[in-house]
Every structure is written in C-alpha cells, then in structure tokens.
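# Fold and geometry: a report
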Amino acid sequence: MPKKAKPAGTGKEERPVPRKQAKVEAAGGPSTLNFDSPRGLFESLISPIKTETFFKEFWEQKPLLIQRDDPALATYYRSLFRLTDLKSLCSRGVYYGRDVNVCRCVSGKKKVLNKDGKAHFLQLRKDFDQKRATIQFHQPQRFKDELWRIQEKLECYFGSLVGSNVYITPAGSQGLPPHYDDVEVFILQLEGEKHWRLYHPTVPLAREYSLETEDRIGKPTHEFMLKPGDLLYFPRGTIHQADTPPGLAHSTHVTISTYQNSSWGDFLLDTISGLVFDTAKEDMELRAGLPRQLLLQVETTTVTTRLSGFLRMLADRLEGTKELLSSDMKKDFVMNRLPPYHVGDGPELSTPGGMLPRLDSTVRFQFKEHIILTVGLAQDRSDETQEKMVYVYHSLRNRRETHMMGNEETEAYGLRFPLSHMDALKQIWNSSAISVKDLKLPTDEEKESLVLSLWTECLIQVV
C-alpha cells in the first residue's frame, strides 16, 4: 500500500527555478486546513489551485508545485513533524526497519545504516550529525494526531489508502538515489529547504517502485527548492531525487501517498473472478473440462482463441450485471484504512448511542464515509452451494497503530445480511433519512431487525 516517499535536498541560490507549468504562486494561502469535509480538506491542501483544475490538468499527468509565502501555514506545516519529535517517539519504542530507516545516497546508491532492534534518539542523532544520514520515519500518522486527522480525511476523499513517510536530511546530503514510485505523491515541506529534481518517467503510471541510474534519466524537467508551507505533487512513475543544500539547516518533509494498486487493471482483476464464478453456474461451456494434456503443450493458439470467445461472453454478461462480486479491493481498503479521527477513546465508535430504532423511527447512516456495501459469497458455508450475501464492512474499530504497516494483522469489522436485504440497505444509503417502515423488506420484524443490527454496530442513528 502507499508507503514510499522522497529524501532530502541540495543547493540554494545556484539552483534554477522550476518550469512555469509546474509552479503556482500562492501569495496568501490558507493559514490552516479545512477539516469540515474530505473535499474541503483536499481543496485547502492544494489551494489556490481548484480541484477541477487539478484533476483535469495534473492528476496522473504532470507535476504541480505550489510555492507559498504564508508564515502561518509554514508554522502549521512545521508542527506536523520536527526533528526534535524523534526524542519523544523513541521513548515510546520504535525499531529499526519497522519504524525508522537510516540511510544515505553514496555514489548514486542507497547505503542503509540501520542498527539492530530498538532505535535510540542519541544514536539516531549521532548518525544524522556525523554520518550525514537521512532519517526516514515510517507512517508517522500512527503517532502524530494531526497527520492522522489529515490522512483519514484524504482516505475518505480518494477512496484509497493514504500512507506517509517523513524524511529528515542534514545539510549537504541526500538520502535516496533517483527512483520512481507506484503511488501518487504529495510532498509537504515542513522544516528547512530541500532541492528537488524531477525527470520524465521511463514507466508512466508505474505499478512498482524502481531505482533509476543517472545515465538513464537525462536532464531534469523540473528543478526547484521547497520551503516550509510549500507543496509538491507528482504522479506515480515520476523519477525524482532530492537533497538538502550545503550551508543550510536540516530539511524535513512528509510524503503523503495514495492510489497504490488502484488502477482499472487492479479493479478488473478483483471483479473478474466473481463474474466467472456466476457465469459458470449458468453456462455449461465454462464448466467443461480442459482438453487432455493441455497443460503439457507449448503451442497456445487454440487456447487463446477459445479464451477470447469466453472473454467476449463475459463482457456481454457484464453489461447486464447489477451486483458485482468483489474479491478483495473493497474489503482490503476498509480493513486497512484509518479509523475516524477522534479525541480521547472515541466511545461513539464502539458503543451505540441515542434512541433505539423502532418501526416508527427515522434513521440514517452515520460515519458513512467509513462504510462499504459489497456482495460476496458466504464465507462459512461447508457445503458445495455458496450463497451470495450482502456485507456491510466498516473501519470504526480499526487500529490506528497498525495503519499501513503491511505485516501487521488486521481484522474485518461489520455485518452480513441475505442478498434480499440489498434494496433496503441501498434505501438507507441513498437517503439523508428514511422511515424504517418504508424499507423494502417483506415483514416489519425484518425491518426492525435490520436497523437494530446496524444501530448496535454504531452505523446508524435515529433522527
């Protein structure tokens, strides 16, 4: 999932200014971000660029640099993460490899300087000062509340996981060699200044991370300095490198990244298996056995012709499909995303409150941006007939501490209902408020049972 980011910079006055197309001056940008809604948050993050302009001209197409002269915003950015924060974070228990990496770019190659086990602030500071190493802190939103607040809203806005890494680089040093990532990248400059160079992608909208050698990347298409309060966006596949100029203070930036494995190709892979499963139940051709010794053959001409016919048949069937069987993408997103931002223990996320829903109640979803509805096969059927069910997954009880950590176990929270409940669930989903008695279910008992289950899971409220 989105994990990767960029290291620190090099040069100051001697560095040229970025190309016009990538630069926007924001003389008096916002002093704080707007957390009223996911859209409001993103609009304030890229201000003064309009979201319509951003998605039409920049998203997945080309870099965007927003340079701001706003002391209040620069102060806010600095508060997100500072070099001095490492001392308190180390006291909470962080480990090399899992939480923090120490590295330096030497002769175009990444040199990792990690120790074993627990990271101690004095050792990190020693490597930073004496070895001029970059300190990379993984997924700081697990510890820093304001980054949690930002990234949770962005996950709602994009409908995709949003990770982050912090890079702290001393003067006259570079953390990582030229490379490209498999994520859409937003850089927020927090402390000091960083010198960036961007290059034409060798693999546009890349699906994997890769290093690139200097002799392959050519001259930079953009070259510029980032200062506190500035923001840089570039699409996945954009080759980049960054360094902290000599003679300046250290540089800190946070890379916020999203849209890893979120392409049409990924979605097709996710849905095609369910489509084949449904079609095979009704079409005997798909249930017919493979020709003898097919798996031993070298030539595949006959096979590809047959598969092409099946794919055309599946395309025709897809046109009339109402409910797609989703294998993993929706569930993976809701299982691994951040829980709603809250202060304190957040009892409203785990304990139902307000009035108990009855037949004469009017209800609506709450935390709707943290809920997904999807159709899947019953997961506990031991017989051969697999029944379709409606799953209502949510992230209200997800653990912030494991967000984007990959190897940490996560749990799916939610409810399941018979497929016959889908229309009633869609009624609630598509309404700002709806009377329980108007739900499209055969009996009053089923209507009450549905809303009571949702209320117990803290997913609806009586209005």
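Residue positions within a chain follow its written sequence, with the count starting from 1. Reporting in this predicted model follows two pLDDT cut-offs: at least 70 for local features of residues, and 80 or more for side-chain atom pairs to be given and counted; totals over whole chains, interfaces and linings ignore these cut-offs and use all residues. Excluding hydrogens and water, the side-chain figures rest on all heavy atoms present in the structure.

### Topic: unusual backbone geometry
- Following S47, the chain continues into P48 via a peptide bond in cis, with omega recorded as 10°.
- Here the phi dihedral of S107 falls at roughly 50°; this positive angle occurs in a residue that is not glycine.
- Helix and strand definitions here come from DSSP, where helices need a minimum of 4 consecutive H or I residues and strands a minimum of 2 consecutive E residues; each element is numbered from the N-terminal end. Tracing the backbone through its elements, the reader meets S107 in the loop between β3 (100-106) and β4 (109-112).
- The phi angle at Y259 is positive, at roughly 70°, despite the residue not being glycine.
- With respect to the helices and strands, Y259 occurs in the loop between β15 (251-258) and α8 (264-282).
- You can call Y259 partly exposed: its relative accessible area is 21%. Only protein chains enter the area calculation, which uses a 1.4 Å probe; residues under 20% of their type maximum are buried, those over 50% are exposed, and those in between are partly exposed.

### What about the pattern of salt bridges?
- Salt bridge criterion: a side-chain nitrogen from Lys or Arg within 4 Å of a carboxyl oxygen from Asp or Glu. Scanning the model with the defined rule gives 21 salt bridges in all.
- Note that E282 is salt-bridged to R317, the shortest N-O span being 3.1 Å. One end of the pair, E282, is in helix α8; the other, R317, is in helix α10 (residues 301-319), with 35 residues separating them in the sequence.
- In this structure E282 comes out as exposed when scored by relative accessible area, which is 60%.
- Sharing partners across several salt bridges, the network here consists of R39, E43 and E52.

### Considerations on the sheet that holds strand β20 (residues 434-435)
- In this description, strands pair whenever DSSP reports at least two bridges between them. Across the sheet, 3 strands lie side by side as β20-β16-β21; this open sheet has antiparallel pairing. Both edges of this open sheet fall to β20 and β21 (460-462), since each of them pairs with a single strand only.
- In the sheet, strand β16 (residues 362-365) pairs with β21 via 3 bridges, with the strands oriented antiparallel. Residue pairing in the sheet places V363 in a bridge with V462 of β21.

### Considering the side chain of E212
- With respect to the helices and strands, the residue E212 is situated in the loop between β11 (210-211) and α7 (214-217).
- Residue classification places E212 among the buried residues on the basis of a relative accessible area of 7%.
- Among the polar contacts listed, one links the side chain of E212 to the side chain of R216, at a separation of 2.8 Å.
- Contact definition: two residues touch when any of their heavy atoms are within 4.5 Å. Those residues within four positions of E212 in sequence are excluded, and the remaining contacts are P178, H179, Y180, T202, I217 and I239. Pairs of N or O atoms are called polar contacts if they sit within 3.5 Å, as long as, within protein, a hydrogen donor faces a hydrogen acceptor (for residues adjacent in sequence, only side-chain-to-side-chain pairs).

### Digging into the packing of aromatic side chains
- Any two of the Phe, Tyr and Trp rings considered here, Trp counted by its six-membered ring, make a pair once their centres fall within 6.5 Å; the pair's planes then place it as stacked at under 30 degrees, edge-to-face at over 60, or tilted in between. Tallying each qualifying case throughout the model produces 26 aromatic pairs.
- Ring centres 5.4 Å apart and planes at 80° place the aromatic pair F42 and F158 in the edge-to-face group. Here the residue F42 occupies a position in helix α1 (residues 38-45), and F158 occupies one in helix α6 (residues 145-158), the gap between them amounting to 116 residues. Accessibility assignment for this pair places F42 and F158 in one class, buried.
- Between F54 and Y233, the aromatic rings sit 4.9 Å apart at their centres with planes inclined by 70°, giving edge-to-face as the arrangement. In this pair, F54 is assigned in helix α2 (residues 51-57) and Y233 in strand β13 (residues 231-234), connecting sequence segments 179 residues apart. Each member of the pair, F54 together with Y233, is buried.
- Grouping aromatic residues by their ring pairs yields a cluster made of F42, F54, F55, W59, Y157, F158, F186, Y233 and Y259.
- The ring of F81 has K144 sitting right over it, with the charged end atom 5.9 Å from the ring centre.
- Only lysine NZ and arginine CZ atoms are considered, and such an atom sits over a ring when it is within 6 Å of the ring centre and within 35 degrees of the ring normal. Stacked on the ring of F35, the Lys or Arg R149 has its end atom at 3.7 Å from the ring centre.

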